[in-house]
Amino acid sequence: MKKLTVGIIPAPELPESIAYKLVDKLPDAFSSNIDKNLLWEVEIIRDPLTGAAEKVDEIINRAAVLKQEHNWNYAVCLTDLPIFSGKDVVLGDVNDKEGVAQISIPAFGILPVGKRVEKAIIQMVSELYYRVNGHGKALNKDLDSAAINNLRLLRSDSAFSPIRKIKPPDRIEKADVRFIVVPRFNGRQRLLFGMAHANRPWSIIPAFKRVVAIAFATGAYGLVFPSLWKLSVAYGPTRFVVLMLAAMLGMIIWIIFAHNLWEKPTRKSHRKLRLLYNTATVITLGIAVLVYYTMLYILFLIAVAFFVPPEVFTETVGLEGEVSFKYYFQLTWLVTSVATVVGAIGSGLESDKVVRNIMYGYRQQQRYKEMEHYDDFLKDEEEYE
């Protein structure tokens, strides 16, 4: 039985994690969706440049080099960077001559990313197999039914942002087939949340352990004073919401400036990408701070339930009758907001490296450095031989 080997080239972090989760599924998926008369094999090579290159040509060229080095039949790159074609959000590209393709993971949005990426990889390999082997010369004509069905699967996966298959204008970039997200507005919204997901906001939450400890200790100490009890009874819902949003926004802004997360204009940075990176950073921090706020709320709710006796609370705030649970929730809400402000200051003590890793620009710099070390290593090996 003839064997075909497909190389998956993920960028570090999220793309690499997704690739390793799919590696055992893909051979059977290729067999059932493309050609079951072939023996399919899948290999994974992690590559920093795949997650640092901002142009399709760079990704395609890198994939072609690795494909030749490892003697693969086809290669598919998985990047966590946003890619545009004019104003359109690009999901993927296929290059017939080199036998390689690339997929931009942020274009899939948030969950379930793994399943969507699996379908996209099947689609890209299907395109390469039928087009490179001469089964499909045109974009939407003469394609084998398997390739057409795969495209339908890819489209049906996102009803609000369908996928359109086009030919890149005037061969500006090394792509014979391009997949874009339509309509543009929905595609951009999905891209932003996909970038926030690629930033892995959950990765900085463990770094907040000390911040949670500082905030909880401060809030617990504040519970001793009756002034917070009285304010929690006096405030209305609007004030609680405003205080919560102000505390969370303050923490986001403090983290951004304390750790220098805002990407500034440079000669190399593109304005549109810089704006996307900064917006994705704010969304990422927003998600992380929301989880942090929720954790604090739960901790304070337990503390209030155990350490604030109902009769003392009633007497202190001047309520008549039995105290309802509503007042306990309000007191918890107020203490959490106050403690979040204190926690924001404490977040400045955390490691810059851990926090800054949620920045696209910072990760790109690290990956370029890693790539330089790798290239130097290869040169040394060649000289030694």
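Counting of residues starts from 1 at the beginning of each chain's written sequence and follows it residue by residue. For this predicted model, a pLDDT threshold of at least 70 governs which residues receive local features, and a threshold of 80 or more governs which side-chain atom pairs are given and counted, while totals over whole chains, interfaces and linings are taken from all residues. Working from all heavy atoms in the structure, the side-chain values ignore hydrogens and water.

Participant: Help me understand the overall build of the protein, please; the structure alone is not making it clear to me.
Facilitator: Helix and strand assignments come from DSSP, with helices taken as H or I runs of at least 4 residues and strands as E runs of at least 2, each series counted from the N terminus. What the protein contains, in helices and strands, is 14 helices and eight strands. For the exposure calls, accessible area comes from a 1.4 Å probe over protein chains only, and a residue counts as buried if that area is under 20% of its type's maximum, exposed if over 50%, partly exposed in between. Going through the 385 residues of the protein one by one, you find that 51% of them count as buried. Contact criterion: two residues are considered in contact whenever any of their non-hydrogen atoms come within 4.5 Å of each other. Nonlocal contacts in the protein, meaning residues at least 24 apart in sequence, comprise 78% of its contacts between residues at least 6 apart. Counting only carbon and sulfur atoms, one obtains 59% of the accessible surface of the protein, whose full area is about 19200 Å². Here the Shrake-Rupley method, with its probe set to 1.4 Å, supplies the accessible areas, and only the displayed protein chains count as covering residues.

Participant: In this structure, what is going on with the pairing of strand β2 (residues 39-44)? I would like to understand it.
Facilitator: Along any regular strand, the residues point their side chains to alternate faces of the sheet. Along β2, the buried face is formed by W40, V42 and I44; none of L39, E41 and E43, which line the opposite face, is buried. One bridge is not enough; two strands pair if DSSP finds at least two bridges between them. Of the strand pairs in this sheet, strand β1 (residues 3-10) and β2 are connected by six bridges, and their pairing is parallel. Along β2, the bridge assignment pairs L4 with W40.

Participant: Teacher, can you tell me more about the UniProt feature "transmembrane region" (unreviewed entry) in the protein here?
Facilitator: UniProt positions are given in the numbering used here, feature names are shortened, and annotations may be inferred rather than shown by experiment. Using the residue numbers shown here, the UniProt feature "transmembrane region" (unreviewed entry) corresponds to residues 211-229, 241-262, 282-307 and 327-349. Helix makes up 84% of residues 211-229 and strand 0%, with an end-to-end C-alpha separation of 24 Å. A helix fraction of 100% and a strand fraction of 0% characterise residues 282-307, whose end C-alpha atoms lie 36 Å from each other.

Participant: Looking at this structure, I do not really get the environment of P183. What am I missing?
Facilitator: If you trace the backbone, P183 turns up in the loop between β8 (177-181) and α6 (184-198). Taking the C-alpha atoms as reference points, P183 and V89, separated by 94 residues in sequence, lie 9.3 Å from one another.

Participant: Just checking my understanding: could you explain the nonpolar core for this structure?
Facilitator: Note that soluble globular proteins tend to have their nonpolar side chains buried in a common cluster. Take the buried residues of types Ala, Val, Leu, Ile, Met, Phe, Trp, Tyr and Cys, join any two whose side-chain atoms come within 4.5 Å, and each joined set is a nonpolar core. I8, F30 and I121 are the most contacted members of the largest nonpolar core, which has 54 residues in total. With ten residues, helix α4 (residues 113-132) is the single largest residue contributor to this core. Once residues within four sequence positions are removed from consideration, I121 is found in contact with I8, L22, L26, F30, L78 and I103. The next biggest cluster of nonpolar side chains, apart from the first, holds 38 residues, and it includes I204, F300, L334 and M359.

Participant: Help me understand a nonpolar patch on the surface in this model?
Facilitator: Patch membership is restricted to residues that have no salt bridge and whose relative accessible area is over 30%. Joining uses 9 Å for like charges and 5 Å for the nonpolar side chains Val, Leu, Ile, Met, Phe, Trp and Tyr. Any Lys or Arg side-chain nitrogen found within 4 Å of a carboxyl oxygen on Asp or Glu counts as a salt bridge. Together, I298, I302, F306 and F307 make up an exposed nonpolar region whose accessible area comes to about 500 Å². Take I298: it is sitting in helix α10 (residues 271-307).

Participant: Even after reading the chapter, I still don't get helix α2 (residues 26-33), so can you show me in this structure?
Facilitator: The complete set of buried residues in α2 reads L26, A29, F30 and S31. On its buried side, α2 packs onto β1, α1 (14-22), β2 and α4.

Participant: In this structure, what is going on with the pattern of salt bridges? I would like to understand it.
Facilitator: Should their charged atoms come close, side chains of opposite charge can pair. Following the criterion strictly, the structure yields eight salt bridges and no others. In this structure, the salt-bridge partner of E118 is K115, at a minimum N-O distance of 3.8 Å. Of this pair, E118 and K115 both sit in helix α4, separated by three residues, roughly a single helical turn. On the accessibility criterion, E118 (10% relative accessible area) is buried. Since its relative accessible area comes to 47%, K115 is described here as partly exposed. Among the ionic pairs, E127 bridges to K165, the shortest N-O distance being 2.8 Å.

Participant: I'm lost on the packing of aromatic side chains in this one. Help?
Facilitator: Any two aromatic rings considered together are summarised by their centre-to-centre distance and by the angle between their planes. Centres within 6.5 Å are what make two rings of Phe, Tyr or Trp a pair, Trp counting through its six-membered ring; a difference in plane orientation under 30 degrees is then read as stacked, over 60 as edge-to-face, and the rest as tilted. The tally for this structure, following the rule as stated, stands at nine aromatic pairs. Look at F240 and W333: their rings are 5.3 Å apart centre to centre, the planes differ by 15°, and that puts the pair in the stacked class. One end of the pair, F240, is in helix α9 (residues 237-258); the other, W333, is in helix α12 (residues 325-347), and 93 residues separate them in sequence. Judged by relative accessible area, which is 23%, W333 ranks as partly exposed. Put simply, the rings of F30, W40, Y129 and Y130 pair up and form one aromatic cluster.

Participant: How should the side chain of Q102 be read in this particular structure?
Facilitator: The topology assignment puts Q102 in strand β6 (residues 100-104). A distance of 2.7 Å separates a polar atom in the side chain of Q102 from a polar atom in the side chain of D93. Side-chain atoms alone can form a polar contact between residues adjacent in sequence; in general such a contact is a pair of N or O atoms within 3.5 Å, and within protein one must be able to donate a hydrogen while the other accepts it.

Participant: I would appreciate a short explanation of the environment of G7 in the present structure.
Facilitator: Mapped onto the elements of the fold, G7 is located in strand β1. For G7 and E41, which are 34 residues apart along the polypeptide, the C-alpha to C-alpha distance reads 8.5 Å. With near-sequence residues (within four places) excluded, G7 lies in contact with E43, W72, Y74, A75 and V76.

Participant: What am I meant to see in the pairing of strand β5 (residues 88-95) here?
Facilitator: With eight of eight residues buried, β5 lies mostly within the body of the structure. Looking at chain direction, strand β4 (residues 84-85) and β5 are connected through two bridges and run antiparallel. Its bridge partner being in β5, F84 is matched across the sheet by V89. Taken together, the five bridges between β5 and β8 define a ladder with antiparallel strand orientation.

Participant: Looking at this model, I keep getting lost on the confidence of the model for the protein. Mind explaining?
Facilitator: When pLDDT drops low, the exact placement of atoms in the prediction is not to be read closely. A residue's pLDDT is the predictor's confidence in that residue, given on a scale from 0 to 100. This prediction gives the protein a mean pLDDT of 81; 82% of its residues lie at or above 70. Mean pLDDT in the protein bottoms out at helix α5 (residues 145-156), which sits at 47, and peaks at β2, which reaches 95. Low pLDDT, under 50, characterises residues 135-149; the stretch is placed with 28 contacts to residues that sit more than four places away or in other chains.

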